Amino acid sequence: MGDLKIFLNLSWIVFMIYLVKSSPPEDPIKCSSKTNFNCTITNSYGAFPDRTICKAAQAVFPTTEEEIISIVANATREKRKMKVVTRFSHSIPKLVCPDGEEGLLISTKFLNKILKVDQENMTMTVESGVTLRQLISEAAKAGLVLPYTPYWWGLTIGGLIGTGAHGSSLWGLGSSVHDYIVQLRIVTPDEAANNYAKVRTLKHGNPEFDAARVSLGVLGVISQVTLKLQPVFKRSITLLERNDSDLGDEAAKFGRQHEFADFTWYPSQRKVVYRIDDRVPANTPGNGLNDFMGFRSTSSLVLAILRTSEENQESTNDARGKCASAKLITSTLKIGAYGLTNNGIAFTGYPVVGFHNRVQASGTCLDSLEDARITTCPWDPRVKGVFFHQTTFTISLSKVKGFIEDVQRLVALEPRALCVLDSYDGILMRYLTASNAYLGEQEDALDFDITYYRSKDPMSPRLFEDFLEEIEQLAFFKYGALPHWGKNRNVAFIGAINKYKNVDKFLKVKQSYDKLGLFSSKWTDQVLGLKDGLTIVKEGCALEGLCICSEDIHCAPKKGYFCRPGRIYKDARVCTRFSSVTNKLNLDF
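The paragraphs below set out a description of the structure included in this document. None of these values were measured; they are calculated from a predicted model.

Criteria and cut-off values
- Residues numbered from 1 in each chain as written.
- Predicted model: local features only at pLDDT ≥ 70, side-chain atom pairs only at ≥ 80, totals over all residues.
- Heavy atoms only, no water.
- Pairing = 2+ DSSP bridges.
- Helix = DSSP H or I, 4+ residues; strand = E, 2+ residues; numbered from the N terminus.
- Axes fitted to C-alpha atoms, helices over the stretch in contact; angles between N-to-C directions.
- Contact = heavy atoms within 4.5 Å.
- Salt bridge = Lys/Arg side-chain N within 4 Å of Asp/Glu carboxyl O.
- Buried < 20%, exposed > 50% of the residue type's maximum accessible area, 1.4 Å probe, protein only.
- Nonpolar A, V, L, I, M, F, W, Y, C, P; charged D, E, K, R; others polar.
- Arc of directions from axis to C-beta.
- Phe/Tyr/Trp six-rings, centres within 6.5 Å; stacked < 30°, edge-to-face > 60°.
- Lys NZ or Arg CZ within 6 Å of the ring centre and 35° of its normal.
- Expected span 1.5 Å × (residues − 1).
- Polar contact = N/O pair within 3.5 Å; in protein donor to acceptor, adjacent residues only side chain to side chain.
- Disulfide = S-S within 2.5 Å.

Concerning the sheet that holds strand β1 (residues 29-31)
- Read from one edge of the open sheet, five strands run β1-β2-β3-β5-β4, paired in mixed fashion. A strand with exactly one partner marks an edge of an open sheet, and here the two such strands are β1 and β4 (82-85). On average, adjacent strands in this sheet sit at an angle of 45 degrees to one another, irrespective of strand direction.
- When β1 meets strand β2 (residues 37-41), the two strands line up antiparallel, connected through three bridges. Among the inter-strand pairings, C31 is bridged to a residue of β2, identified as C39.
- With respect to the sheet, helix α2 (residues 65-77) is in contact with β3 (54-60), β4 and β5 (104-107), its orientation differing from that of β5 by roughly 170 degrees.

Considerations on the pattern of salt bridges
- Under the defined criterion, the tally for this structure stands at 39 salt bridges.
- Across the salt bridge formed by D27 and K109, the nearest N and O atoms sit 3.3 Å from each other. In this pair, D27 is assigned in the loop between α1 (2-16) and β1 and K109 in the loop between β5 and β6 (114-118), connecting sequence segments 82 residues apart.
- Its relative accessible area of 16% is what places D27 among the buried residues.
- One network of salt bridges, with partners in common, ties together R462, E465, E469, E472 and R489.

Considerations on the packing of helix α8 (residues 300-315) against helix α9 (residues 319-335)
- Put simply, α8 and α9 touch, their axes get as near as 8 Å, and they point 145 degrees apart. Of the residues in α9, those touching α8 at E310, Q313 and E314 are G321, K322 and S325.
- Here the contact of α8 with α9 is composed, by residue class, of no nonpolar, three polar and three charged.

Concerning helix α3 (residues 132-141)
- What α3 keeps buried is the set L132, L135, I136 and A139. Angular distribution of buried residues about the axis of α3 spans 95 degrees; they occupy a single face of the element.
- Its buried side turned inward, α3 meets β7 (123-127), β8 (144-145), α4 (157-162), β11 (221-228) and α10 (356-359).
- Remark: G143 follows α3 within two positions and exhibits a positive phi of approximately 75 degrees.

Comments concerning the packing of aromatic side chains
- Across all of its chains, the model carries 23 aromatic pairs by this definition.
- With a centroid separation of 5.0 Å and an interplanar angle of 65 degrees, the aromatic rings of W152 and F295 are classed as edge-to-face. In this pair, W152 is assigned in the loop between β8 and α4 and F295 in the loop between β16 (289-290) and β17 (298-299), connecting sequence segments 143 residues apart.
- Of the residues examined, W152 reaches a relative accessible area of 9% and is grouped as buried.
- One aromatic cluster is present, formed by F393, F403, F448, F476 and Y479 through successive ring pairs.
- When the ring centre of F355 is taken as reference, the NZ or CZ atom of K234 above it lies at 4.8 Å.
- Its guanidinium or amino end placed over the ring of Y453, K322 lies 5.5 Å from that ring's centre, counting from NZ or CZ.

A closer look at the pairing of β4
- Alternating positions in β4 separate into two faces, M82 and V84 on one and K83 and V85 on the other, with burial throughout.
- Sheet analysis places β4 next to β5, joined by four bridges and oriented parallel. Paired with V84 across the strands is I106, a residue of β5.

Focus on the pairing of β11
- With six of eight residues buried, β11 lies mostly within the body of the structure.
- In this sheet, β11 lies alongside β7 in antiparallel orientation, the contact comprising five bridges. The partner of T123 across the bridge, within β11, is K228.
- Of the strand pairs in this sheet, strand β9 (residues 181-189) and β11 are connected by six bridges, and their pairing is antiparallel. Residue pairing for β11: Q183 is matched across the bridge by T226.

Let's talk about α9
- Helix length check: α9, at 17 residues, gives a terminal C-alpha distance of 24 Å against a target of 24 Å (1.5 Å per residue), a fit within 8%.
- Directly after α9, the chain includes A337, whose backbone phi takes a positive value near 55 degrees.

Observations regarding the side chain of K94
- The residue K94 is located in the loop between β4 and β5 in this model.
- Among the residues examined, K94 registers a relative accessible area of 17% and is labelled buried.
- Within the structure, K94 has its side chain in polar contact with the side chain of D50 (distance 2.9 Å).

As for the sheet that holds strand β10 (residues 197-203)
- With antiparallel pairing, five strands are arranged side by side in an open sheet as β6-β7-β11-β9-β10. Both edges of this open sheet fall to β6 and β10, since each of them pairs with a single strand only. Sheet twist, expressed as the mean angle between neighbouring strand axes with direction ignored, is 10 degrees.

Quick notes on the environment of T156
- Turning to its location among the elements, T156 is positioned in the loop between β8 and α4.
- For the pair formed by T156 and N112, sequence separation is 44 residues and the distance between their alpha carbons is 8.9 Å.
- With residues up to four places along the chain from it excluded, the contact list for T156 reads T86, R87, S128, G129, V130 and T131.
- At 3.1 Å, the side chain of T156 and the backbone nitrogen of G159 are in polar contact.

A look at the state of the cysteines
- Tallied over the full model, the rule gives four disulfides.
- Linked covalently through their sulfurs, C31 and C39 form a disulfide whose S-S length is 2.1 Å. Its S-S torsion of about 100 degrees marks the bond between C31 and C39 as right-handed, since a negative value means left-handed.
- Assessed through its relative accessible area of 25%, C31 is described here as partly exposed.
- Bridging C365 to C377, the disulfide has an S-S length of 2.0 Å. Disulfide C365-C377: the torsion about the S-S bond is 90 degrees, which places it as right-handed. Within this pair, whereas C365 is found in the loop between α10 and β20 (375-376), its partner C377 is found in the loop between β20 and β21 (388-396), the two being separated by twelve residues in sequence.
- The exposure class of C365 is buried, given its relative accessible area of 0%.
- The class of C377 is buried, set by a relative accessible area of 1%.

See the structure below:
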């Protein structure tokens, strides 16, 4: 009980105290010399799915489009591999890794200028390294807003459109930011006769535009983006907790009823929080603010103690303790209105009414000056804090009921199995509409964003890991889910490219823009179906989602190997249990 009391007290400190200081994240690029040679690249979490840290010979930090042209031209002349890197590098997969150690990293860190705000036509032109936070702030000064965005503002415009990042809505053009682009400029390799580089200006109506809007960074360097905005408006937000018994039915229709609808699902508690969220007249009283608790600065000491507690629960198979911790965290979030306040200071009750630019996204752990890591963003790899996997996918609205009910059957089998999700604020479910972008959403769908504990030891199985692996594979192999390009482990991308009806058109543009594949890597070629080898078969590969079972893989009862084709489990005993369980629940596929 002593450890639990400590955990409870510290959880209150973590989630209820607003810490005004913070150490901003460090640059994901590190070089051994002041001239930026001999470099490494990772992501903001300090670990790619296969835990490698990628190497490059050099990093460059252009400040203008002209500098980008020169950089791309020189690298093309030398037939040198290139990769674009964003300021915070929030993508989990290895999108930023060049092949080998001789590649070039092109950072958009200093491509951070607002180039033009056209109030009459309601457009804004920005450099690709501008952060979502900057865009929201500058647009608001002109009385404009980007209607739908991700909830975390520490993303760059180039990065979020490159991976198809989004908010939640089925209204208008939907919630994907790339669907609000009206023009972009991209620097690509070219022939010697054209000085080895070319600037292409792409607009609606140009077929190549639909390839560049979600490009995974394999077409070139996006230098400028012009977005269509809207007049500033207010929103009214009510978060309502309900039993999840009818979630399958509600999921298919709730998004048509409320413009900014989403769900936060806590499967182990059989609860779901509905976001009832709509536009209201600008004269509606209220000056609400969103400062989500999970994106605030957090004491490094508290983070270390919480992580130690979590590791102890995992190592001792303490499912009861994990579930108790999860309930405390979700209760604390609820009491704190998940970071919403009615006036920027205190929460006094629902609805919370505020201007869209004040409630659409947050991320205050990025805002403050360096404080020697006394406080950080919770996932900062320089301190002992949260360390997690993310599995994120979209399922067609016509199929979401079946998937949700399959997950509910797994919960009924072992109610404690998914408590780990509740500790990471449950499953976030957001709406998307079909997009004309070749690698965008293929039909109206619901996105499931699942975050969960990851061990520092790649050979250490997680508590109830088999249940999460079952959910992941149900989504991708039974319900045909599409992966989020900026999240997920390797298994999510196996065969994924075949689910995009216009992939051939995308690959045709890719070949036209970059004939030598200088912006591609072995990993991106594997994801795009151009090369084999996406799965990494070795002992422990299942634990990290790096492989799937096939007939030619020996499914030995060793940690990390497989037991049934199409499913990933940590050892043979798990397979034996699930062989009968999944047949009984009719979850086979």
